[in-house]
Amino acid sequence: MDLRIFTEPQQGATYDTLLTVAKAAEDLGFDAFFRSDHYVRMGNVDGLPGPTDAWITLAGLARETRRIRLGTLMTAATFRLPGVLAIQVAQVDQMSGGRVELGLGAGWFEEEHKAYGIPFPKDKFARLEEQLEIVTGLWVTKLGATFDFHGRYYDLTDSPALPKPAQEKIPVLIGGHGATRTPRLAARYADEFNIPFASVEDSERQFGRVRAAAEEAGRRADDLTYSNALVVCVGRDDQEVARRAAAIGREVDELKAHGLAGSPAEVVDKIGRYAEIGSRRIYLQVLDLADLDHLELISAQVQSQLS
């Protein structure tokens, strides 16, 4: 079971804060540092000092880390043209020496689009499908050849399909709760399927849909990695758990029901339940980025029991 650190910088974080967390994640042996791709805060926080761009952040981290993988849960397809996104991700992959992964989703948060003048189309899922075909198609086009795509939403003619990533294949993550189109899209394009903030039972059901869709598409179901994203709140005792829950504005009982919360032993046990239904990777949503002791505790008393 891989443990990855997943951050939500739109809630309030500078690049320097993210760099500190990413370096701590690397030093503590976590598998990866991921971040969301949002421009407006959510909930009862001030979001100061304001948003940071996901791929600019990852470009900086690519030069200042050495081992951990870097990526997004999820880049919003509405934010970037697919050709530009393919260039950005390939360049950051080069900058990192081949440690980048692309989580790509349709985009859903209308308020941030309004706030920064970004179009918010109704037909987001169909656009996402074209984006996936374009981005992955550009990367696999052979050197010296060109790439063409003529779709309903995007049109590319004689693209040189450059630059190429450092990796032979950048892993693509697709995720969500959709029962039909999401599994089909994952079966066609994904190296990893991620379900965010879902129970063991809902995860098992959705993994089953994706596995069936993969086999229908002519792939082995086990060709995909299956993963979860869950908020984390671990403490050495009840008081520490309660303090960490209060710091992120959440209730302990709610976190235990819907996330990974409690003592290290409780969290290890719950991760084991996800492992039993086929999850091989957990993205730990860390909401208090100033609490590096939290990461140290998870590394020492949770991760150590899973390795």
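Residues numbered from 1 in each chain as written. Predicted model: local features only at pLDDT ≥ 70, side-chain atom pairs only at ≥ 80, totals over all residues. Heavy atoms only, no water.

Counting its secondary structure elements, the protein contains 11 helices and 12 strands. Against the globule reference of 19 Å for 307 residues, the protein gives a C-alpha radius of gyration of 19 Å, in line with a compact fold. Principal-axis analysis of the C-alpha atoms gives the protein an extent of 60 × 45 × 35 Å. The buried share among the 307 residues of the protein stands at 54%. Across the protein, contacts joining residues at least 24 apart in sequence account for 73% of those joining residues at least 6 apart. A total of about 13800 Å² of accessible surface is found on the protein, and carbon and sulfur atoms cover 49% of it. In the protein, the 35 positive side-chain charges and the 45 negative ones have mean positions that sit 3 Å from each other. (Helix = DSSP H or I, 4+ residues; strand = E, 2+ residues; numbered from the N terminus. Rg over C-alpha atoms; globule rule 2.2 N^0.38 Å. Buried < 20%, exposed > 50% of the residue type's maximum accessible area, 1.4 Å probe, protein only. Contact = heavy atoms within 4.5 Å. Areas by Shrake-Rupley, 256 points an atom, 1.4 Å probe, with all protein chains shown as cover. Lys, Arg positive; Asp, Glu negative; His and termini not counted. Charge placed at Lys NZ, Arg CZ, Asp CG, Glu CD.)

Attention now goes to helix 5 (residues 124–140). Taking 1.5 Å of rise per residue, 17 residues should cover 24 Å, and helix 5 covers 24 Å from first to last C-alpha, within 8% of that figure. The element helix 5 is extensively covered by neighbouring structure, given that 13 of its 17 residues are classed as buried. (Expected span 1.5 Å × (residues − 1).)

Side chains of a nonpolar character, in soluble globular proteins, are inclined to be buried together. Among the nonpolar cores identified, the biggest contains 78 residues, and W55, W139 and L284 are the most heavily contacted of them. The leading source of residues in this core is helix 5, at seven residues. For W55, the contacting residues outside a window of four places in its chain are T72, T75, R80, L85, V89, V92, V100, E101 and L102. (Core = buried A, V, L, I, M, F, W, Y, C linked by side-chain atoms within 4.5 Å.)

Before going further, it helps to examine the packing of helix 1 (residues 15–27) against helix 2 (residues 54–64). Running from N to C, helix 1 and helix 2 point in directions that differ by 45 degrees, and their axes come no closer than 10 Å. Comparing the axis directions of helix 1 and helix 2 gives the class oblique. Viewed along their axes, helix 1 and helix 2 form a crossing whose handedness is right-handed. In contact with Y15, L18, L19, A22 and K23 of helix 1, helix 2 contributes T57, G60, L61 and E64. (Axes fitted to C-alpha atoms, helices over the stretch in contact; angles between N-to-C directions. Parallel < 35°, antiparallel > 145°, perpendicular 65-115°, else oblique. Left-handed = near helix turned anticlockwise from the far one by under 90°.)

Another point: the packing of aromatic side chains. Counting across every chain of the model gives six aromatic pairs. Seen from their ring centres, Y39 and F79 are 4.7 Å apart, and the 25 degrees between their planes marks the pair as stacked. With Y39 in the loop between strand 2 (32–35) and helix 2 and F79 in the loop between strand 4 (75–76) and helix 3 (82–96), this pair connects stretches of sequence that are 40 residues apart. You can call Y39 buried: its relative accessible area is 17%. With relative accessibility at 14%, the residue F79 sits in the buried group. Cluster of aromatic residues (ring-pair linked, three or more members): Y39, F79 and Y116. Geometry around F120 places K124 over its ring, the cationic atom sitting 4.3 Å from the centre. Note that R181 overlies the ring of F125, its terminal NZ or CZ placed 4.2 Å from the centroid. (Phe/Tyr/Trp six-rings, centres within 6.5 Å; stacked < 30°, edge-to-face > 60°. Lys NZ or Arg CZ within 6 Å of the ring centre and 35° of its normal.)

When strand 5 (residues 100–105) meets strand 8 (residues 172–175), the two strands line up parallel, connected through two bridges. Counterpart to L102 in the pairing with strand 8 is V172. Two elements, strand 8 and strand 9 (residues 192–196), share three bridges in a ladder whose sense is parallel. Across the sheet, I174 pairs through a bridge with F193, a residue of strand 9. (Pairing = 2+ DSSP bridges.)

In this fold, T182 is placed in helix 6 (residues 181–189). Accessibility expressed as a relative area gives 10% for T182, which makes it buried. Not counting residues up to four positions away in its chain, the partners in contact with T182 are F125, G175, G176, F193 and Q206.

This part is about helix 6. All of the buried residues in helix 6 are T182, P183, L185, A186, A187 and Y189. Among the structural elements, helix 5, strand 8, strand 9 and helix 7 (200–216) are those in contact with the buried residues of helix 6.

Turning to unusual backbone geometry, a few remarks are in order. In this structure, M74 follows L73 across a cis peptide bond, with omega equal to -25 degrees. Here M74 is to be found in the loop between strand 3 (69–72) and strand 4. For the bond from L162 to P163, the omega torsion is 0 degrees, close enough to zero to count as cis. Relative to the assigned elements, P163 resides in the loop between strand 7 (155–159) and strand 8. Of note, the phi angle at D158 is positive, near 55 degrees, even though the residue is not glycine. Tracing the sequence through the fold places D158 in strand 7. Residue D158 is classed as exposed on the basis of its relative accessible area, which comes to 52%.

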